[in-house]
Each structure stands twice: as structure tokens, then as C-alpha cells.
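Fold and contact review
For reference, the chains in residue letters:
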Amino acid sequence: MNTNMKIRVLGILLCGAVVTALPSCEPIDDDLDDCEVDFQAKYRVCLVTNENLEIARVLDKHTAIGDDLREHLKDVFNDYGHDIALDYYALPDSLRTMPVRGSLPTEMNATERSYEIFMPIKDYMHLAVTNVQGNGAVSQSNTDRCHRAQLSLSPQPPVQPNSLDEALPSQKAGLFTGRRLLTGLTYGPQQYDMPLYMANSAAAIVIDPRYPRKNSFTDIRIYTLGFAKDFNVCDSAYTYPENDYYVRADQVTLHNTDWLAYCAVSFPSREPIYSTTRSRVEIDEPVFRYDDCGKSVWYYDCYVTMASGTVTRTIAGVHHPLRAGQLKILVGWVDDDKEPGVIHFKDEELSVSSDLDWSEGLIFTN
């Protein structure tokens with residue numbers, strides 16, 4: 001082999017060695033240590049709710065009250081994201097990983113929003129949460145690992161409630177979350193859509209005072225109980241306390257009426273066990289259930305203070321679950337005759353008990 005041929009062969013071998021040594025991500029940015037994937041992500045707030053149907057069904061003859069309740073809940077049943085928290089967890093260790101360029105967005109301010117995010121090429125579990133900031137009763141916790149990441153009540157409810165003063169405040173906005181497994185990623189653009197679904201619910205009570213000028217009550221307090229205390233974002237599952245905690249309902253501002261209304265926003269209730277021969281139900285989106293399971297799943301706890309200073313307590317147990325995105329409304333009236341202060345309800349599928357002389361400290365426990 002002559003000298004020129006040897007030089008040509010050696011050059012080809014050297015070029016092959018250089019190509020082999022190049023990383024698989026093709027173009028290289030000298031400022032980056034790792035190859036990157038360019039996430040072109042679209043986040044969309046998806047509101048699945050029965051709000052308008054429930055208001056029409058229960059308050060059909062009281063449209064003004066329905067409008068006032070809808071106004072009170074305008075930040076809850078609303079397909080709009082304000083703040084947003086995005087987390088990427090590298091698999092298989094589920095470690096939280098940050099972008100290779102820039103930082104993760106913290107604001108959405110839209111129903112639908114797109115972002116471009118540059119991440120190292122790995123397999124990820126991706127979690128997204130919106131409307132936590134300013135909610136007033138919920139915060140993110142354990143965000144260092146994806147399977148521990150939660151939306152949690154803040155402050156956490158007492159292990160054993162001893163007083164109504166320990167009741168937690170109502171949540172202020174609709175919480176929406178999403179999760180997505182991202183695997184098999186390569187260098188360059190990677191598009192995905194991320195729907196965010198609601199994680200909390202609301203319960204309202206509308207009360208007719210019947211004869212407000214004759215009535216002898218001076219104050220009404222409404223609480224709800226029987227709900228989850230945490231939401232595991234990665235598993236889309238709720239955890240429940242051993243003892244129920246109280247949520248303090250806020251009074252709804254009503255116009256041009258003597259009626260009263262109260263509303264509490266919380267995590268959903270437990271799921272009851274229905275007596276049925278069917279064990280398989282296939283759905284492709286959240287649904288709401290109203291059939292009677294035969295026992296109380298969650299409760300309204302009502303306290304009416306009389307002019308004499310005594311307190312009348314009425315407990316109404318609801319026989320179907322309160323699910324994420326769902327609104328439940330009860331309509332009742334205050335007894336001013338045989339059982340002064342007792343609240344009676346139109347809904348027949350309730351377990352109702354009353355105490356005409358309730359004393360502080362005798363609160364509900366499981």
C-alpha cells in the first residue's frame with residue numbers, strides 16, 4: 001500500500017472514532033453538560049361539575065338565591081388557573097429535577113397556557129397543580145418525591161376535635177391537578193397536552209327562617225365534616241383522618257330576601273360501599289352519584305342560638321358521596337313552633353338528629 005493510500009485510510013479511521021465519541025443528542029451546546037429535551041407543553045384547566053344543574057334542580061324557584069350562590073362560588077367552579085406549580089421527577093428514583101435552562105413557570109393566569117421547558121433527557125413522572133396560592137386552607141407538601149407529593153390542609157386538622165373553635169376554614173378556590181408519565185424521550189422538541197382536573201368540592205345549605213320577625217333565634221353556625229385531609233397528586237388518591245374534622249361554612253351574601261345561605265368548600269368525602277351485584281363500572285371522566293347507599297357518608301352540623309341563650313343542634317347525614325367538582329345543596333327551614341331552632345330539610349334521603357339544648361364540648365366524633 002503506497003503512502004498516500006495509508007494516509008487516506010488512517011484519516012477515515014480517525015473520523016470514525018470522532019463520530020463514535022460524539023454524544024447521541026446530535027448538536028451540542030457548549031454551555032450544557034447534558035443533552036436536553038425541549039418540552040413544548042400545553043396545560044388546560046378542565047372543569048367537570050354539576051354546579052348549574054344542582055342550582056337549577058334544588059333552587060329552581062329561587063333564581064336570585066341561586067345567582068348569589070353562584071357568585072359566592074365564582075372562584076371555585078371556574079376553569080381558570082392563577083398560579084401553577086410544575087414538578088418533574090426523574091425515574092426510577094423519583095427525584096425532583098430542575099430545568100437545564102431557566103426556571104419552571106409559577107403563573108398561569110389563563111384557562112389554557114403553553115410553556116417551553118428544557119429538561120435533561122431522562123424518564124419523568126410529571127405533576128402539575130394550580131390555584132394553591134391564596135387558597136387559604138391548602139398547601140403543597142412533600143414535593144421532594146413524586147409519590148409523596150400532596151395537597152394538604154393547612155393547618156392540619158386536630159387528631160381528636162375537642163371544640164368547634166378548631167374548625168378549619170373553607171377553601172377559597174378550585175384546585176386543579178394533573179399527572180403524566182414521560183418516557184422514551186430524545187433530543188429536541190417533545191409536545192404534550194396536560195389536562196388539569198378539579199380536586200375539591202362544595203356543600204351549601206339554604207335556610208328559610210319562616211317567620212323571621214317572630215323567630216327567636218339570634219345566630220346560626222353551619223359546619224360540614226366527613227372529608228379527606230390530603231390529596232396525593234401522583235396517585236390521584238385521597239387520605240382520610242381517623243376522626244372527622246370540621247369545616248366552617250361561610251355565610252353567602254343574599255339580596256332582597258330574609259333567607260340565609262352558607263357554603264363550605266373542602267376536599268371530597270369518603271366513597272361509600274353500595275349494595276349491588278355489579279362490580280364493574282367503566283367511565284372515561286368523573287361522574288357524580290346521588291343514589292342512596294343506606295347510611296351517612298358525610299354531614300352538615302348546624303347550630304342555632306336562641307334568644308334564651310340555649311343552642312339547638314341539627315345534624316344531617318348525606319347518603320351519597322361528595323366527589324371532586326361536585327356541589328351539594330340542602331334546603332331547610334327553622335322550626336319556630338314545636339321544636340324551636342331545629343332545622344328541617346326537604347331532602348328525604350338524609351339521616352337527621354337534633355338536640356334542643358346542646359352544650360359546648362359535645363361535638364360529633366366518629
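Before going into details, it helps to say that this report is about the structure given with it. Keep in mind that what you see is a predicted model, and the values were worked out from it rather than measured. (Residues numbered from 1 in each chain as written. Predicted model: local features only at pLDDT ≥ 70, side-chain atom pairs only at ≥ 80, totals over all residues. Heavy atoms only, no water.)

1. Digging into the sheet that holds strand E21 (residues 327–334)
Here five strands make up an open sheet; going across it, the order is E17-E18-E12-E21-E22 and the pairing mixed. Each edge of the open sheet is held by one strand with a lone partner, namely strand E17 (250–251) and strand E22 (343–345). By the bridge criterion, seven bridges tie strand E12 (residues 201–208) to E21 in an arrangement that is parallel. From the neighbouring strand, Asp208 faces E21, where its bridge partner is Trp333. (Pairing = 2+ DSSP bridges. Helix = DSSP H or I, 4+ residues; strand = E, 2+ residues; numbered from the N terminus.)

2. Some remarks on the pattern of salt bridges
Tallied over the entire structure, the rule returns 15 salt bridges. The closest approach of N and O atoms between Arg70 and Asp67, which form a salt bridge, is 2.9 Å. Of this pair, Arg70 and Asp67 are both found in helix H3 (residues 63–72), three residues apart, which corresponds to roughly one turn of the helix. Owing to a relative accessible area of 47%, Asp67 belongs among the partly exposed residues under this scheme. Here Lys74 ties to Glu71 by a salt bridge, and the two come within 2.9 Å at their closest N and O atoms. (Salt bridge = Lys/Arg side-chain N within 4 Å of Asp/Glu carboxyl O. Buried < 20%, exposed > 50% of the residue type's maximum accessible area, 1.4 Å probe, protein only.)

3. Some thoughts on helix H2 (residues 51–58)
Inspection of H2 places Glu51, Glu54, Ile55 and Val58 among the buried residues, and these make up the whole buried set. Looking straight down H2, one finds that the buried residues subtend no more than 100° of arc, so they occupy a single side. Looking at the packing, one finds that the buried side of H2 touches H3 and E21. (Arc of directions from axis to C-beta. Contact = heavy atoms within 4.5 Å.)

4. Overview of the sheet that holds strand E19 (residues 298–306)
With respect to topology, six strands assemble into an open sheet ordered E9-E16-E13-E19-E20-E23, the strand pairing being mixed. Every interior strand has two partners, whereas the edge strands, strand E9 (168–169) and strand E23 (350–358), have only one. Alignment of E19 against strand E20 (residues 311–318), held across eight bridges, turns out to be antiparallel. Within E20, the position partnered with Asp301 by the bridge is Ile315.

5. Overview of the packing of aromatic side chains
Using the criterion set out here, one finds 13 aromatic pairs in the structure. Plain terms: the ring middles of Phe39 and Tyr88 are 5.4 Å apart, the flat faces sit at 5° to each other, and that makes the pair stacked. Of the two residues, Phe39 is situated in strand E1 (residues 36–46) and Tyr88 in strand E2 (residues 81–90); the sequence distance between them amounts to 49 residues. Here the aromatic rings of Phe227 and Trp298 are separated by 5.6 Å at their centres, their planes lie at 45°, and the arrangement is tilted. Taken together, the residues span a long stretch of sequence, with Phe227 in the loop between strand E13 (217–225) and strand E14 (230–232) and Trp298 in strand E19 at a distance of 71 residues. Each member of the pair, Phe227 as well as Trp298, is classed as buried. Here Arg57 stacks its cationic end above the ring of Tyr290, 5.5 Å away from the centre of that ring. The ring of Phe118 has Arg101 sitting right over it, with the charged end atom 3.9 Å from the ring centre. (Phe/Tyr/Trp six-rings, centres within 6.5 Å; stacked < 30°, edge-to-face > 60°. Lys NZ or Arg CZ within 6 Å of the ring centre and 35° of its normal.)

6. Considerations on the side chain of Ser141
Among the secondary structure elements, Ser141 is positioned in strand E7 (residues 138–141). A polar side-chain atom of Ser141 sits 2.8 Å from a polar atom in the side chain of Ser152. (Polar contact = N/O pair within 3.5 Å; in protein donor to acceptor, adjacent residues only side chain to side chain.)

7. What to know about the pairing of strand E8 (residues 150–153)
Of the two faces of E8, the one lined by Gln150 and Ser152 and the one lined by Leu151 and Leu153 are each fully buried. Inspection of the sheet shows E7 paired to E8 by four bridges, in the antiparallel sense. Bridged to Ser141 within E8 is Gln150. As judged from the three bridges shared by E8 and E14, these two strands associate in the antiparallel manner. Note on E14: the bridge partner recorded for Gln150 is Asn232.

8. A closer look at unusual backbone geometry
Across the chain, the bulk of peptide bonds are trans and the bulk of non-glycine residues have phi less than zero. A cis geometry characterises the amide bond from Leu91 onward to Pro92, with omega recorded as 10°. Cis geometry is adopted by the peptide bond preceding Pro155, which originates at Ser154 and carries an omega value of 5°. Within the secondary structure, Pro155 sits in the loop between E8 and E9. With a phi angle near 60°, Ser94 is a residue other than glycine that sits in the positive phi range. Its place among the elements puts Ser94 in the loop between E2 and strand E3 (95–97). Take Ser94: its relative accessible area is 9%, and that puts it in the buried class. Its identity is not glycine, yet Asn131 carries a phi of approximately 75°, on the positive side. Relative to the helices and strands, Asn131 resides in the loop between strand E6 (124–130) and E7.

9. Section: the nonpolar core
In terms of nonpolar packing, the biggest core is built from 47 residues, with Leu151, Ile205, Ile207, Ile220 and Tyr300 touching the most fellow members. By size, the runner-up hydrophobic cluster in this structure holds 43 residues, among which are Ile55, Leu73, Val76 and Val206. (Core = buried A, V, L, I, M, F, W, Y, C linked by side-chain atoms within 4.5 Å.)

10. Some remarks on H3
The set of residues buried in H3 consists of Ile65, Gly66, Asp68 and Leu69. Seen from one end, H3 has its buried residues packed into an arc of 160°, which puts them on one side.

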